[in-house]
Each structure stands twice: as C-alpha cells, then as structure tokens.
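Listed here are the chains, written in short residue letters.
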Amino acid sequence: MHGILFYDMKEYERPLFEAAKGEFVFDYAESRLDERTAALANGYDGVCIFVNDTANAKVIRKLAACGVRLIALRCSGYNNVDTAEAEKCGIAVLRVPAYSPYSVAEHAMAMLLTLNRKIHKAYIRTRDFNFSLNHLIGFDLHGKTAGVIGTGRIGRTFIGICRGFGMRVLCYDAFPDPAAGLAYLSLEELLAVSDVISLHCPLTKDTRHLLGKDAFARMKRGCILINTSRGGLIDSEALLDALRTGRLGGACLDVYEEEAGLFYEDKSATGVQDELFSLLVSRPNVIVTSHQAYLTREALDDITRVTMENFRNFFGKIPEKA
Ligand code: NAI
C-alpha cells in the first residue's frame, strides 16, 4: 500500500480523508512542512500539504532523499512549492486546480458587506445592549464600481455577485479573455476609478507586492480593498500607510503575507509578535479572517475528492516500494 503523510492537517479535514482513504495508508502530522519537519516523511511515497507549508528547494531535496515521489497540495495556489526543484528531483507536484469558486467569492462579498455596513461593530454593540447607531454609516454598493484583479474562476464568480448588487464591474488581468465579455482596463486605470478592489490573481514573482506604495497612491480616496488571494500580493507596510492617511477606506483581509505560523493557530493566550499585523488588526476599518475563504462543506468535499483522484491517478501507475 502506498503511504502518504499529511502535513498541517486540520481536525475538520481528517474525517473526510479517513473516510475516503481506501487502498492508501494515511498518516497525519499537525506540524507544517519545513526544513525541520521534512524528515518525518521518511519512507512515505507522498506528502500532502496545504497553503502555509514550505516546499522550497532545500525541503524538496530532503523529501527526495526520504523517497517521496509526490507532493499533493490540498489547495489551488502553489506559490509555496519550488516546482523547478521538484522536477529536478523527480517529484511530481499535483494540486486541486479548481474547487467551489463560490466559497471564496461569497466570502469576499461577506467581508465587504461586513466592513462597509459595520456588522462586526453592530454585533458587539447589541450584545452589550448598546443600540446607538453612531459611526455605523456605510454606503450603497448599488451603482458603485468594483475593480476585479484576476478574472479566473473566483474573479468571475465574484463579478457575478457584484453585478447582482447592481455594481459596475471593471477588470484587470495580465491575460485578459476577449471572449469573457468583461470590461478590461490597465491596472492603473482600474485603481483610479474603483470604489472597491478585489484581488483574485495568483501570487507569482510578477504579482508579489502588486499593490504597493505607488498603487495605493493611485487609488480613489476611500476605496475598500479585499484580499482573499494571497497575502504577498500586497505590501503590508504600504497598506498600513494607506489606511493611516485615509487613502484607503478599509481593508478586508483573508490572507496576510506573514500568515504562516499565525493563521490557523490559537494565539489568544500568547498574543502575536508581528507588530505590523497587530497594528492592521487593531484598526477599526480592517477586518481579518484567518485564510478561511475556502471553508465551506462543498469546497472541502471537492478538495478531498480531487486530492484522492490525484493520488489514484499518480500511484495507479507506480508500483509500491518493495
Ligand atoms: P484562476 O487560475 O482561475 O484565475 C487566476 C486569474 O489571475 C487568471 O485569469 C489569470 O490570467 C490571472 N492572472 C495571472 N497572473 C496575473 C497577473 N500578473 N496580474 C493579473 N492577473 C493575473 O484562479 P482562481 O481559482 O480564480 O483563484 C485565484 C486565487 O485565489 C488563487 O491563485 C489563490 O491564490 C486564491 N485562493 C484563495 C483561497 C482562500 O481560501 N483564501 C482559496 C482558493 C484560492
């Protein structure tokens, strides 16, 4: 039987994979994959990793020395894997390229509505019997302009939701699809006219800090930014500055560039060391969720099903180790 070690396994995922495992031997590590933990994979045929595991060149060489032949990601983004090194080492990399795009797009809209209509504040106030409406004014989304960066599966789903709210939608994509019937602009043009900007492109070497000091300076004053893609798309220092000066009206962040080791953990007893993150979280016009945009039953079922297909397709062709 082929053995697979899951890293960074969450308590809500484990029963899904246990029920689906069939002919495979699965073991589960709560720790993330990194240079220190790669050795745990000794003797396994494959490892299964998530968004905050690190599969850089060093880690991949260690995995290869352990006999690992497959890195299977339980997510779509693969910016945390050095694919060139994996190829060199003869390790295949498979992922879940598409799963419920509604999960992420709906979460992006949920965050926007929460921030704009101050639901996070109203929730706390009314529980404390404070029924004052002071400082809770939002704005109508109807008639406002949404700028969508990245018009793939999730971006297009988000566009459909925005249209349902009566918003005008403008788009930027490095690879625009002329058949999509979308209004594409340059990034600079989009930044200048959007009331709301939502990021739906992958993190690559070209998109790291796509939104930095210059981009924030071009934005319409008071614009709301939503990031459900990857934290590295935004320069967090520049984001904090833009919030401080009022250039940015608010930020909805499901991802953060230094989220590894922070998100998915309970830090309530210890607090966090990251001062920049603490400053962001404490701002009244910022809401943060812990990389949970994908967290719907449908998305988790899709992730489990496609990951199992990846295992079967890959190991079906490879004999078991003697
Ligand atoms: P997709 O591959 O369907 O679409 C990505 C789009 O980005 C494509 O249209 C592509 O042309 C565009 N793009 C590529 N390079 C670009 C660049 N330099 N500038 C502008 N656009 C560029 O991907 P999908 O499924 O829509 O996912 C988008 C992102 O959402 C993923 O890369 C991932 O990082 C993130 N994600 C976040 C989740 C969460 O739980 N927060 C869950 C799933 C995905």
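It should be noted that the structure appears before, not after, this text.
The paragraphs below set out a description of the structure included in this document. (Residues numbered from 1 in each chain as written. Predicted model: local features only at pLDDT ≥ 70, side-chain atom pairs only at ≥ 80, totals over all residues. Heavy atoms only, no water.)

**Description of the site of the ligand**
Phase 1: For the ligand, the set of nearby residues contains 23 residues, the closest of which are Y99, R153, I154, D173 and T228.
Phase 2: Interatomic distance of 3.5 Å between a backbone N/O atom of S229 and an oxygen atom of the ligand.
Phase 3: By residue class, the composition of the shell around the ligand is 10 nonpolar, nine polar and four charged. (Near = heavy atom within 4 Å. Polar contact = N/O pair within 3.5 Å; in protein donor to acceptor, adjacent residues only side chain to side chain. Nonpolar A, V, L, I, M, F, W, Y, C, P; charged D, E, K, R; others polar.)

**A look at the side chain of S103**
Phase 1: Within the fold, S103 resides in helix α4 (residues 101–116).
Phase 2: Here S100 takes part through its backbone oxygen, which lies 2.7 Å from a polar atom of the side chain of S103.
Phase 3: With residues near it in sequence (within four places) discarded, S103 still touches A293, Y294, T296 and A299. (Helix = DSSP H or I, 4+ residues; strand = E, 2+ residues; numbered from the N terminus. Contact = heavy atoms within 4.5 Å.)

**Remarks on unusual backbone geometry**
Glycine aside, the phi torsion of most residues is negative, and most peptide linkages are trans.
Phase 1: One non-glycine residue, F129, lies in the positive phi region at around 55°.
Phase 2: Within the secondary structure, F129 is located in the loop between α5 (119–127) and β6 (145–149).
Phase 3: Residue F129 is classed as exposed on the basis of its relative accessible area, which comes to 69%.
Phase 4: You will see that Y264, though not glycine, has its phi angle at about 75°, which is positive.
Phase 5: Along the polypeptide, Y264 turns up in the loop between β10 (248–253) and α10 (275–282). (Buried < 20%, exposed > 50% of the residue type's maximum accessible area, 1.4 Å probe, protein only.)

**Re the sheet that holds strand β4 (residues 70–73)**
Phase 1: The strand order across the open sheet formed by five strands is β2-β1-β3-β4-β5, and the pairing between neighbours is parallel. Both edges of this open sheet fall to β2 (25–28) and β5 (92–94), since each of them pairs with a single strand only. Ignoring strand direction, the axes of neighbouring strands in this sheet form an average angle of 20°.
Phase 2: Note that β4 and β5 share three bridges and pair parallel. Bridged to I71 within β5 is V93.
Phase 3: Of the strands in this sheet, β1 (3–6), β2, β3 (46–49), β4 and β5 are in contact with helix α11 (residues 297–315), which crosses β4 at around 160°. (Pairing = 2+ DSSP bridges. Axes fitted to C-alpha atoms, helices over the stretch in contact; angles between N-to-C directions.)

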